[in-house]
Each structure stands twice: as C-alpha cells, then as structure tokens.
Amino acid sequence: MGSFSRYSFITFFAVLFYLVVSAQEIPVQLQQQLEQLADASGEETEDDAYWQQLERLLNSPLNINQAGEDELRELNVLNEWQIINLLKYRQLLGDLLSVYELQAVPGWDAQLLRRLIPFVTVSKSIPSKHDLLQRFKGGTATLLLRLSQLLEVQQGFKRIDGEKKYAGSRQRIFTRYRYTYKNLLQYGWSGDKDAGENFFAGSQRYGFDFNSLHLFARKMGIIESLAFGDYTVNMGQGLIHWQSLAFKKSGDAIAVKRQSPVLKPYTSAGEYNFLRGIGITLRKRKMELTLFASSRRLSVSKDADSSGVFVSSISTSGYHRTASELSGRNLLDQVTAGGSIRYRTTSLQVGINMTHYKFSLPLRKRDEPYNLFSIKGKQWSNVSIDYAYTYRNMHLFGEIAADHRFNVATLQGGIFSVDPSMDVAFVYRNIAKEYQSLNANAFTENASPVNEKGLYLGITWRPSDGWKIDVFADHYEFPWLKYLTDAPSFGKDLLFRLAYTPTKLTELQISISHSLRLAEAIRMSAIDYLISVPGTHARFYLHHMLSRDFSIRCRIQAVRLQKNGKENGFAMSIDGLFKPAARPYSFSARLQFFETDSYASRLYGFENDVLYSHSIPAVYGRGCRYYLVIQARPLRDLSAGMRWAQTVYFAQTEIGSGPDLIDGSLKTEIKLQFIYSFGGRR
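All of these numbers come straight from a predicted model, not from anything done at the bench.

(A) Here's a closer look at the overall build of the chain. Check the secondary structure of the chain and you find 8 helices and 35 strands. Scaling as 2.2 N^0.38, a compact globule of 682 residues should have a C-alpha radius of gyration of about 26 Å, and the chain matches this with 25 Å. Principal-axis analysis of the C-alpha atoms places the extent of the chain at approximately 75 × 65 × 50 Å. Across the 682 residues of the chain, 51% fall into the buried class. Considering the chain, the positive charge centre built from 81 side chains and the negative charge centre built from 65 side chains are found 5 Å apart.

This is the structure in structure tokens:
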C-alpha cells in the first residue's frame, strides 16, 4: 500500500469515527488487569471464561437471594469484603426485595450496582429442583466459528530455496460448540488451529492441531460439581495449583485474594494450563471434598546426555508450526492427581490441598546457576494448608505450602474495613528460594511463586459519592538468582489512582505508578553489575456517554525509564462506541498515536474485539494504530462480527524478527466471526 492510499485510509477512518464509532463492553478495571498481565508475561491470555460467564448471566441472571459464596465470586466484580457483607446482610434481614436494596449493603454503592444490574436478579429464595434429563433438554447451544489472518506475508510463510519455515497456512481458525443449562450443566468441544499450523494436511490430517472436550455439572445432591474432559483446578491462594485466570497488583488496591471454586470447566483456546480427565467435588453440610485425576501429553524441548534423555523445557505457547516445534509435540506424558478437603462455616474456612505429578521423561532445565533449584526428576508433589477467617470488620486469609523436598512457601493476607469509607489490605509472602511448584499462580511479583519475599500494603478510600482513591506499595526481594539477573536482587512498586464518577454517564481515572528494580547484569571485565532501573507510568482515562447510544473514550499513557540512559514512551487514543437500542448492530472504533524510544518503553492498550475475544497489542517505535469492530445480528439466531486492525509505522521498513518478520511498515489483521444459537432462551 503506497503512502497516498495509506493516509487516505486513515483519513477515511477518521471521518468514519465521527459517524459510527460495541457490543462488548469490558469494565475498565478488568481491562487494566489484562494489560498488566500481558506486560508481565509478554503475551495475551487466551482464557475467555470471563466473557462466557457474562453472556450466560445475561441470559440467566444470578438470583442474589440464593447465590452462595462461589457463585458470587464467579461474577469477578465483587471483592471478598463485599461478598461477606452481602451474606451477613441476608442472614440478618432475610431476602432482598429489590436489586436496588443492594445499595444498603456496606461497601456496595451505585457505581457497583450499575455494573451488576444486567447480570443479577432478586426473587424469592426457593430451592431449585432440576431433573437431570431436563438439563439436557432445556438449555442453550451455540456454535462459534472465528477466522483471522495477517494480510502481510511473514517471512516464515515465504518459500526460500523451495521450502517454508511454517508448515501450514496463514489463517488462524477457532471453533467451539457449547451447550449450557443455567449454571447447572455445560458441555462442548473446541478446536484451534494457529497461523502456520497444518489443517487436514501433513501432521494434522484429521483437522485441528488442538481439540478440547468437556462436560461439567453442578448441584446434583451431594455432588457439588462433576468434571469430565478438560477442566481447571484452583486451590488455596495459588501456591501449589491455580489454573484459571487470576490477576496480581492492579488499580483495585484491595483485590489481593484468590477466589474461585476448586473445579471449573475449561473451554478456551490455550493449549497448556488445564487438566484432562475427571474431577469431583462432594459437599455435605460443612465439609467439602474434591478429588481429581488427569492424564495428558505436553509438547517439550528434549535433550540427551550420558545419563539419558530428559526434558529441558515444557512448551506453553501451543505452537506447532516449524520442524523444531513439531519434533517436540506431545512427547511428554504427564499424570496429575490430587485433592482438597475443606471445612466451611460462615466465618471460617480451612482446607488441606495436595497435588502429585508423574512424568514419562525426567525434567531437567539447562545447567545454569539460576536453575539450581528447579524441578528435577520424573515425579513431583506439593501439599498445603489454606484458611480464611472473618471477625467483625476483619478478614484474614493465607496458605502455607511445601514441596516434596520439604521446602516451604507461605502467603498471609488480610482485608480490613477500618471505616465505612476506607478499606485496607496487606499481603506478606515468604517463598524459599528452593521451593518449586508446577501449575501455581499466587499474588507474587514473579510469574510463579518461587524465590521471593515481599510485603504489599493497599488502601481504598471513598471520600464522598463518586470519588475513589486507591494507593498501594509493594516491596519485594529475590534471595536467589533469576534469568538475566546474576545476583540476588530487590524491587518496589508504588501506585496512586484517582477515580471520579460524577454521574452514570461519565467516568474519569488518573493513575501514576512508580517502580524500581534491579535489571540484568552489565558485564565489565570479570565483574558483573546489576543496575537500578526506575520507571514511572502515568495514565489518563475518560469515558463519557454523549447519548444513550453513543459514547467516547479517551486514553493517554506515558512511561519513563532510566536504563542505560533515559527512555520515554507516549500513546494517545480515542475510541467511539455506538450501540443503538433495539437495533441488531453496533460499532466500535479507535484511533491511536504512539511514540516510544524502543521496545523496552513499549505500552499496552486493551482493544475491543469480536465477542469472546480481545486484543492487547504492545505498541513501540513511532506510528499510529486504528481498528474498527462491527457486530451485527442478521438473523434471530445468527450473530456476526468483523474486526479490521492496522498498525502504521512511520520510521520502520521491517516489523518483527525471525520467521515473523514483515517487510514494510504496515501490519494488518482481519478477523471474522459467526455465532449460531439454538434452543433455550436467547
């Protein structure tokens, strides 16, 4: 595309922005949490369980008068203190008469209620009886097909000396069939083919590279939940096992506690973070027992030496495009078994958790100093005790864990309501440098709970209606070496966020965060040095509804790093969202400009996408980015979505590297999606 057509398209888009500018509105708090997760991990999560949960609740709202703790947690909107206060309110005063009565619950306000109203209802609390056969007949089924592709040809798809680096086609294909009956029964199948993977050819003669089946039932007498096929397990505070989507530090300063049912169905496109087998939770009065077993194959990097063949790393990307990626596909058999037994009352919960893994090949990471304590061998086990206790305005929680080498990790936290307008939270963690776990995800600075000591303190203050201030400080230490950090190190994070919601039409947020950590060693002669890397990130966000159908969103981000000199990054975007009432279509669009000194000062921004999908690209260099999302329902049972997104770099002739390299200054993605629904209420 030449410069004239390129800028003509941008001009056309700018005009279109004022004319039509989402069917899918994600709370800004969740957007920021997803951005921080992408920044920390360097990749976007493929877990779309939250979006599926919202869609199910739109069709079958949660009865607040009957909802238990686990169901309230699955809303992913309420913090632990708000859940506790609601349960106490119901216990004291009985059933609520209206959803608007929720504003009388301590810690609940009009802003929270506006977010919840589409997904909750209030009716008389009557024990529900659902015949098993009725669950298979009275639900809703959906069939989803999503196609996406980069329009520019990446290096891996070009034939060089008669061969291509990537074996398959350039399209990504995702399809999913799902049947749901309220929150009581769910089953389905998912298939995923990444760009570059074979499809009905080569190594995939029978279709998709990844296939997933699941059946999940709830509330069948003593059986609280039953899982067949693919599912996730979440226990305690994540020190030994946590597979569902979970966040760490965010603008919500007191959102520090992991909360989820132990078993959850798995229906996403990610190919690593789940179990495959059977799981069951039994509940009788105050006791709850969960047992699970799984057997699945993992893709790995395999090595060999005089001692034999071993696995040096487990692949979590799910990519099987190149000869090297295909050579490690499904080489490791992993058997997982474990369980949890829990005692629950209104104010106290205590649980004992255990996981055990057995591998067909021994694990052994590269022989590097920072890998000294990594998991080794063909078996691994972890055990933990977790608790949660509520007394008046105090809620304490924590977990103490050990691996089979008797290395210990502990995490202790608390949430206090010191005043009707102020809440305080803390988290202390002390994880031995020798401690290891395989599928853990706790409230730590590291991606997994290993080699860390730290103390977090967060405060949320609501000085008056419409105002909210969040502040946190976190100091942490790493007693042992890390990747690219050749000595023990430390760091700290600080954040201040001001949110102002004067009316239900306007939301304003301003946040400033500062971090200081020791970065990779600078090698000079025979001495290695660690350098301090301070960084400051500022964010301005404004969302305003101009009318019932049309709203705009403006965001400005700036980052400043001091790493081998000063680096700066800046990005500004404006969004338009148009969703006319009682019309079978909606539009969402963005225009963004960015300029950063390098990839180190990159910035992430959550983008609207087709239903059940999202995009959080990193922007760096100098350029602009824009996208347009159209959602429509041409037929009663059929919905369609289209997304066009393009990044224009002003001073680059190449984008990316290796087999993902694009010659030129444009990167364009197009995505199409179709969802057919049948049966039940829609």
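(B) Main features of unusual backbone geometry. Located in the positive-phi region is arginine 285, a residue other than glycine, with phi close to 55°. Checked against the element boundaries, arginine 285 lands in the loop between strand E9 (275-284) and strand E10 (287-298). What makes arginine 285 exposed here is its relative accessible area of 74%. Unusually for a residue other than glycine, arginine 392 sits at a positive phi of about 55°. Relative to the helices and strands, arginine 392 resides in the loop between strand E15 (377-391) and strand E16 (394-403).

(C) Quick look at the packing of aromatic side chains. Taken as a whole and assessed by the stated rule, the structure comprises 24 aromatic pairs. Both rings, one in phenylalanine 594 and one in tyrosine 649, keep their centres 6.0 Å apart while their planes meet at 75°; by these two values the pair is edge-to-face. You can see phenylalanine 594 sitting in strand E28 (residues 585-596) and its partner tyrosine 649 sitting in strand E32 (residues 638-649), a full 55 residues away along the chain. On the basis of relative accessible area, phenylalanine 594 is assigned to the buried category, the value being 3%. Through a chain of ring-to-ring contacts, three or more aromatic side chains come together here, namely Phe136, Tyr177, Tyr179, Tyr187, Tyr676 and Phe678. We note arginine 321 situated over the ring of tyrosine 319; from NZ or CZ to the ring centre the distance is 4.0 Å. When the ring centre of phenylalanine 310 is taken as origin, the NZ or CZ atom of arginine 364, which lies over that ring, is 3.8 Å away.

(D) Highlighting helix H5 (residues 80-93). Here H5 is 14 residues long and its end C-alpha atoms lie 20 Å apart, about the 20 Å a rise of 1.5 Å per residue gives. In terms of residue burial, H5 counts as a mostly covered element, since 10 of its 14 residues are buried. For H5, the set of buried residues is Glu80, Trp81, Gln82, Ile83, Ile84, Asn85, Leu86, Leu87, Tyr89 and Arg90. The inward-facing, buried residues of H5 contact helix H4 (69-73), helix H6 (110-116), E15, E16, strand E17 (408-419) and strand E18 (422-431).

(E) The arrangement of the environment of isoleucine 117 in detail. For isoleucine 117, the location among the structural elements is in the loop between H6 and strand E2 (120-121). Look at isoleucine 117 and you get partly exposed, because its relative accessible area is 32%. Along the sequence, isoleucine 117 and leucine 58 sit 59 residues apart, while their C-alpha atoms lie 9.7 Å from each other.

(F) Just the nonpolar core, in detail. Counting 38 residues, the largest nonpolar core has Leu72, Leu75, Leu78, Leu86, Leu102, Trp108 and Leu116 as the members making the most contacts within it. Mapped onto this core, the elements with two or more residues apiece are helix H2 (28-41), helix H3 (49-59), H5 and H6. Ignoring anything within four residues of it in the chain, the contact list for leucine 75 reads Tyr50, Leu57, Leu62, Leu116 and Val120. Counting 31 residues, the second largest nonpolar core, distinct from the first, contains Met235, Ala388, Ala401 and Ile431.

(G) Here's a closer look at a nonpolar patch on the surface. There is a patch of nonpolar side chains on the surface, built from Met287, Leu289, Leu291, Ile341, Tyr343, Val350, Ile352, Met354, Val383 and Ile385 and spanning about 800 Å² of accessible area. When residues of the nonpolar patch are traced back to their parent elements, those giving at least two are E10, strand E13 (332-344), strand E14 (348-363) and E15. Relative to the helices and strands, methionine 354 resides in strand E14. The partly exposed category is assigned to methionine 354, whose relative accessible area is 37%.

(H) How the structure looks around the side chain of glutamine 237. Along the chain, the position of glutamine 237 falls in the loop between strand E7 (223-233) and strand E8 (263-265). Aside from chain neighbours lying at most four places away, what touches glutamine 237 is Val256, Lys257, Arg258, Phe397, Gly398, Glu399, Leu411, Asn441, Ala442 and Phe443.

(I) Broad picture of the pairing of strand E6 (residues 210-220). Bridging between strand E5 (residues 185-193) and E6 involves 8 bridges; their strand directions are antiparallel. Across the sheet, the residue bridging to glycine 188 is histidine 214, located in E6. Taken together, the 6 bridges between E6 and E7 define a ladder with antiparallel strand orientation. The residue bridging phenylalanine 216 from the neighbouring strand is alanine 227, located in E7. What sits between the antiparallel neighbours E6 and E7 is a turn of 2 residues, in which glycine 221 has the positive phi angle 70°.

(J) Region of the structure containing the state of the cysteines. All chains considered together, the criterion is met by 0 disulfides. Cysteine cysteine 554 shares no disulfide, and the gap to the nearest cysteine sulfur, in cysteine 624, comes to 16 Å.

(K) Quick peek at the side chain of lysine 257. Inspection of the secondary structure assignment puts lysine 257 in the loop between E7 and E8. The exposure class of lysine 257 is buried, given its relative accessible area of 15%. A distance of 3.0 Å separates the side chain of lysine 257 from the side chain of histidine 395, its partner in a polar contact. Apart from residues lying up to four places away in sequence, lysine 257 is in contact with Arg73, Glu80, Gln237, Ala388, His395 and Phe397.

(L) How the structure looks around H3. With 8 of its 11 residues buried, H3 lies for the most part within the structure. Within the span of H3, buried status applies to Tyr50, Trp51, Gln52, Gln53, Leu54, Glu55, Arg56 and Leu57.

(M) Representation of the pattern of salt bridges in the model. What the rule picks out here adds up to 32 salt bridges. The residue aspartate 474 makes a salt bridge to arginine 429 at a minimum N-O spacing of 2.9 Å. With aspartate 474 in strand E20 (residues 467-478) and arginine 429 in strand E18, the pair connects residues that are 45 residues apart, well separated along the chain. The exposure class assigned to aspartate 474 is buried, which follows from its relative accessible area of 2%.

(N) Expanded view of the pairing of E9. Sheet topology places E7 next to E9; 8 bridges connect them, and they run antiparallel. Looking at the pairing, aspartate 230 lines up with arginine 276 of E9. As paired elements, E9 and E10 share 8 bridges and run antiparallel to each other. Each bridged residue has a counterpart across the sheet, and for isoleucine 278 the counterpart in E10 is alanine 293. What sits between E9 and E10 in their antiparallel hairpin is a turn of 2 residues, with arginine 285 showing a positive phi close to 55°.

(O) The environment of isoleucine 675, seen in detail. Relative to the helices and strands, isoleucine 675 resides in strand E35 (residues 666-678). Assessed through its relative accessible area of 6%, isoleucine 675 is described here as buried. Each C-alpha atom of the pair isoleucine 675 and leucine 611 lies 9.2 Å from the other, and the pair is 64 residues apart in sequence. For isoleucine 675, the residues in contact, after removing those within four places along its chain, are Thr142, Leu143, Leu144, Leu611, Tyr612, Asp637, Leu638 and Ser639.

Cut-offs used in this document
- Residues numbered from 1 in each chain as written.
- Predicted model: local features only at pLDDT ≥ 70, side-chain atom pairs only at ≥ 80, totals over all residues.
- Heavy atoms only, no water.
- Helix = DSSP H or I, 4+ residues; strand = E, 2+ residues; numbered from the N terminus.
- Rg over C-alpha atoms; globule rule 2.2 N^0.38 Å.
- Buried < 20%, exposed > 50% of the residue type's maximum accessible area, 1.4 Å probe, protein only.
- Lys, Arg positive; Asp, Glu negative; His and termini not counted.
- Charge placed at Lys NZ, Arg CZ, Asp CG, Glu CD.
- Phe/Tyr/Trp six-rings, centres within 6.5 Å; stacked < 30°, edge-to-face > 60°.
- Lys NZ or Arg CZ within 6 Å of the ring centre and 35° of its normal.
- Expected span 1.5 Å × (residues − 1).
- Contact = heavy atoms within 4.5 Å.
- Core = buried A, V, L, I, M, F, W, Y, C linked by side-chain atoms within 4.5 Å.
- Patch = residues over 30% accessible without salt bridge, like charges linked within 9 Å, V, L, I, M, F, W, Y side chains within 5 Å.
- Areas by Shrake-Rupley, 256 points an atom, 1.4 Å probe, with all protein chains shown as cover.
- Salt bridge = Lys/Arg side-chain N within 4 Å of Asp/Glu carboxyl O.
- Pairing = 2+ DSSP bridges.
- Disulfide = S-S within 2.5 Å.
- Polar contact = N/O pair within 3.5 Å; in protein donor to acceptor, adjacent residues only side chain to side chain.

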